[in-house]
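What the coordinates show
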Amino acid sequence: MTPPEPGVPVSDDAAALTVAVLAAASGSQLEATLRAIVEAAVDHVGARYGALGVLSPDGRGLDRFVTVGMDAADRERIGRPPTGEGLLRVLVEDPAPLRLTDLRDHPAAVGFPPGHPPMRSFLGVPVRLRDSVFGNLYLTDKRTGGPFSASDLEVAQALAAVAGLAIENARLLERAEQLRAWSQAGTEIAAALLSGTPADQVLRAAAVRVAELAGADAVGVLVPLPEDEETLAITASVGPLTDDWEGVHLPLGSTRLGTAHRSGVPTLLEDAARPVPGTSPPEVIGELNGRYGPALYLPLGGPSRRTTLVAVRLRERPPFDGGVLELAEAFAAQATVAIELVRSQERERRLQVQADRDRIARDLHDHVVQRIFATALALDRIGRSLEETSPAEAARIAERVDELDGTITRIRESIFELHLADDTSPAAVRRRLAEVVRSVTEGHGLRPSLRVHDQVEELPAELVADVVAVVRELVTNVVRHAGATRVTVTVAVDGGVRVVVTDDGAGLPPVTARSGLANLADRAERRGGRLTAAAAASGTEVAWAVPLHG
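Below, the structure is looked at part by part. This one's a predicted model, so the numbers in the text were calculated from it and none came from an experiment.

Counting its regular elements, the protein contains 12 helices and 16 strands. Looking at the protein as a whole, 42% of its 550 residues qualify as buried. Once local pairs closer than 6 in sequence are excluded, the contacts in the protein between residues at least 24 apart make up 61%. Accessible surface, the protein as shown: approximately 28500 Å² in total, 54% of it carbon and sulfur.

Any two side chains of opposite charge can pair, on the condition that their charged atoms come close. Inspection of the entire model under this criterion finds 18 salt bridges. Across the pair arginine 384 and aspartate 380 runs a salt bridge whose closest N-O atoms are separated by 2.9 Å. Of this pair, arginine 384 and aspartate 380 both sit in helix α8 (residues 322-385), four residues apart, which is roughly one turn of that helix. Residue classification places arginine 384 among the exposed residues on the basis of a relative accessible area of 55%.

A few words now on the sheet that holds strand β1 (residues 47-55). Strand order in the open sheet formed by five strands is β2-β1-β5-β4-β3, and the pairing between neighbours is antiparallel. Here the strands that pair on one side only, and so sit at the sheet edges, are β2 (62-68) and β3 (98-100). If you compare each strand with its neighbour and ignore which way they point, the axes differ by 15 degrees on average. Summarising the sheet, β3 and strand β4 (residues 122-129) pair through three bridges and their orientation is antiparallel. Counted as the bridge partner of leucine 98 is glycine 124 from β4. Relative to β2, helix α2 (residues 30-45) is tilted by about 45 degrees, and along the sheet it contacts β1, β2 and β5 (132-142).

This next bit is on the sheet that holds strand β7 (residues 228-238). Each strand in a sheet pairs with another by means of backbone hydrogen bonds, the pair being arranged parallel or else antiparallel. Spatial strand order, β8-β7-β6-β11-β10-β9: six strands in an open sheet with antiparallel pairing. Each edge of the open sheet carries a strand with a single partner, namely β8 (249-251) and β9 (267-269). Shown here is a sheet whose adjacent strand axes are inclined to one another by a mean of 25 degrees, direction ignored.

Put simply, side chains in a regular strand alternate between the two faces of the sheet. Two strands pair when backbone bridges link them, and strand β15 (residues 530-536) and strand β16 (residues 539-547) are joined in this way by seven bridges, in the antiparallel orientation. Within β16, the position partnered with alanine 534 by the bridge is glutamate 541. Adjacent in sequence and paired antiparallel, β15 and β16 are bridged by two residues.

Right, let's talk about unusual backbone geometry for a bit. Here aspartate 141, not a glycine, exhibits a phi torsion of approximately 65 degrees, which is positive. Within the secondary structure, aspartate 141 is located in strand β5.

Here the structure, examined in full by the defined rule, presents four aromatic pairs. Ring centres 6.3 Å apart and planes at 35 degrees place the aromatic pair phenylalanine 122 and tyrosine 138 in the tilted group. Placement of the pair is phenylalanine 122 in strand β4 and tyrosine 138 in strand β5, with a sequence separation of 16 residues. Just as phenylalanine 122 is buried, tyrosine 138 falls in that class too. Grouped by ring-pair contacts, the aromatic residues Phe65, Phe122 and Tyr138 constitute a single cluster. Arginine 313 extends its terminal NZ or CZ atom over the ring of phenylalanine 320, reaching a point 4.1 Å from the ring centre.

About the criteria used
- Residues numbered from 1 in each chain as written.
- Predicted model: local features only at pLDDT ≥ 70, side-chain atom pairs only at ≥ 80, totals over all residues.
- Heavy atoms only, no water.
- Helix = DSSP H or I, 4+ residues; strand = E, 2+ residues; numbered from the N terminus.
- Buried < 20%, exposed > 50% of the residue type's maximum accessible area, 1.4 Å probe, protein only.
- Contact = heavy atoms within 4.5 Å.
- Areas by Shrake-Rupley, 256 points an atom, 1.4 Å probe, with all protein chains shown as cover.
- Salt bridge = Lys/Arg side-chain N within 4 Å of Asp/Glu carboxyl O.
- Pairing = 2+ DSSP bridges.
- Axes fitted to C-alpha atoms, helices over the stretch in contact; angles between N-to-C directions.
- Phe/Tyr/Trp six-rings, centres within 6.5 Å; stacked < 30°, edge-to-face > 60°.
- Lys NZ or Arg CZ within 6 Å of the ring centre and 35° of its normal.

Shown next as structure tokens:
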């Protein structure tokens, strides 16, 4: 609308319309702008009362209700504002102009609440801009006593269009601010992850931000169990009534939570506590507390190790709207990129560490071991040449050669363990145990047997080093002291970790020579277990056992 030229008289109504248009175009102070529009409409058509109801983004009810013509006492007597029922619902469901001589005669009229001033004539027009309907402008009780005219309808429609512009501008500004806030939150999460902040701390902070931005009453952080990807554990929660959430396990099954978590697609639910008939079982998140209903499932991270944030609202609150879902999707995509980048950096660091270990292992094998081996060969030749002339010196040299052989064996064991230090998979554990048994018994005329039960995949990573050390020490004792021809090593996991070594030798050495067993006993006791040694049918059986959670 072009502003009037200077010096041209403008009517009060036209001035009010001009002010309303300019305020609407500015997109600021929506409440004041809508009130100015209603006041202009009331004055221009000669109505006693006017109101403008703005629909919620989902179109199901009224987001706000601006009234003109009633004072504070009237509003206090009436109580809470209309929610869009009765005659107001007619315009919501059918956004078309409606003029009535007496609104009480309309079939949809439900009467007025106590204390409401009497009203007769009625004029209602939709507030729309292009194809979007934002609400309705209501004008009642023509001051002249008759019905509203066709010209009144035209004025009301013009002002309703101005209101539509104001509402659209305000929502665009609100949308831009929400987008900025969600984007900033995603940037903060990404920066925290990339700076090395612990993941659990970052996810808790993300839960707080999602609760704030989505208008949620509570948010839970759900992480898959290490041993069961189909069960999520709540590791953190924010909001009221969530004190008993943390530590709860949620089986996914065929729930919508399971679908969202597996697919990585954010999902909205109107009521998480109510199943969709014939399509899915009840949502387990809805069973945690009966006061929550609307839910937003927000998966973060790639499929290999995905975390899902679950935001919920109290049952009496409206569901999350589609705009929140779109903004949350962008936030989740931003966070997922950061999570995957951090994981990629962690994999790169592990590969670099492994490359360093491989280099050290090659240097040990190609230089240190070869030089020690050459030295041992030279000493052995010297010792053999002295056997006839100086048998005592030859014997001492032979002892040193044996020590060098043992040193070579130890270095080779270290080389092997450098390659597998970070690998605690069942196959790697079996290989490490087999290599230990082979390297200790090789060249001693002893027939070894290794039995690793299938449950070894349950062996915690922190116990692998202990088990390997125990097997090495016990088999070494057999080689040095038992005089056996056979040794059997059994490793099993069944409520605890148990290592049993049996041999067909001469039995245990004297107490003074059993410091190795004492060290193993101390190692077991520190973990809440014990070491036992007893005579077997032919030979000795030594058992080292600790609980999984000592």
